[in-house]
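# Residue-level structural notes
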Amino acid sequence: MHPRRLLLLGIGNILYGDEGIGVHFINYISDKYNIENPAYKFDIVDGGTLAHGLIPMLATYDELIVVDTINSQDGEIGDVYFFNFDNTPPDVDWQGSAHEVEMLQTLIMMDMVGDRPNTFVLGVIPTVIEPMFMGLTPQIKNAVATMEQQLLRHLTHLGFTLTIKKSITINDVIQDAQKR
């Protein structure tokens, strides 16, 4: 029996401030934790803004956790959401940046042909995107702890063991983001 395949996918553009949270967050998790479960093959990937270009890779996974910015009619900047894509809260929409809309389209297209893995979204509401700002606003930096708790709770529920391999902060990851 083959292990299930789970992908933690960070989406975003690190050159546009809070838009890069998905990429910064998955790098933070990758650098901070050893994540193990013999029943799973677990991968962490920086998907950047590739969206449709990710379809062949995404289709090989059984489960997917997408980390990205989202919008919510009822939320505020820095609010964190974690939900099954099949049960997207009614107040959540994807009308932000082009990469958000493209990722939504990617998941819908995969669903239409039956290739979409069981998908969860770990999203945070960003500030207004400012051009060419490398880093995160204070509201989004503050949201990282909640995002981390949500992800760890989900992975622990799936039977993963998580051990800290390095004590770091999101700031440690951001400062060398352009080198990755």
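Just so you know, these numbers come straight off a predicted model, no measurement behind them.

## Quick look at the pattern of salt bridges
Tallying each qualifying case throughout the model produces 7 salt bridges. The closest approach of N and O atoms between lysine 41 and aspartate 43, which form a salt bridge, is 2.9 Å. Judged by relative accessible area, which is 36%, lysine 41 ranks as partly exposed. Of the charged contacts in the structure, one is a salt bridge between arginine 180 and aspartate 176, with a shortest N-O distance of 3.8 Å. For aspartate 176, a relative accessible area of 26% puts it in the partly exposed group. Through salt bridges that share partners, Asp31, Asp176 and Arg180 make up one connected network.

## Quick notes on the packing of aromatic side chains
Tallying each qualifying case throughout the model produces 4 aromatic pairs. Ring geometry for tyrosine 40 against phenylalanine 160: centres 5.0 Å apart, planes inclined by 40°, an arrangement best described as tilted. Separated by 120 residues along the polypeptide, tyrosine 40 in strand E3 (residues 40-48) and phenylalanine 160 in the loop between helix H4 (138-157) and strand E9 (161-164) bring together distant segments of the chain. Residue tyrosine 40 is classed as buried on the basis of its relative accessible area of 14%.

## Focus: the environment of threonine 88
Mapped onto the elements, threonine 88 comes out in the loop between strand E6 (80-84) and strand E7 (92-93). Judged by relative accessible area, which is 27%, threonine 88 ranks as partly exposed. Residues threonine 88 and phenylalanine 120, spaced 32 residues apart in sequence, show a C-alpha to C-alpha distance of 9.2 Å. In terms of polar contacts, threonine 88 uses its side chain to reach the backbone carbonyl oxygen of phenylalanine 85, at 2.8 Å.

## Let's talk about the side chain of threonine 119
Mapped onto the elements, threonine 119 comes out in strand E8 (residues 118-124). Polar side-chain contacts of threonine 119 include one of 3.4 Å to the side chain of arginine 116. Among the polar contacts made by the side chain of threonine 119, one reaches the main-chain carbonyl oxygen of proline 117 at a distance of 2.6 Å.

The rules behind the values
Residues numbered from 1 in each chain as written. Predicted model: local features only at pLDDT ≥ 70, side-chain atom pairs only at ≥ 80, totals over all residues. Heavy atoms only, no water. Salt bridge = Lys/Arg side-chain N within 4 Å of Asp/Glu carboxyl O. Buried < 20%, exposed > 50% of the residue type's maximum accessible area, 1.4 Å probe, protein only. Phe/Tyr/Trp six-rings, centres within 6.5 Å; stacked < 30°, edge-to-face > 60°. Helix = DSSP H or I, 4+ residues; strand = E, 2+ residues; numbered from the N terminus. Polar contact = N/O pair within 3.5 Å; in protein donor to acceptor, adjacent residues only side chain to side chain.

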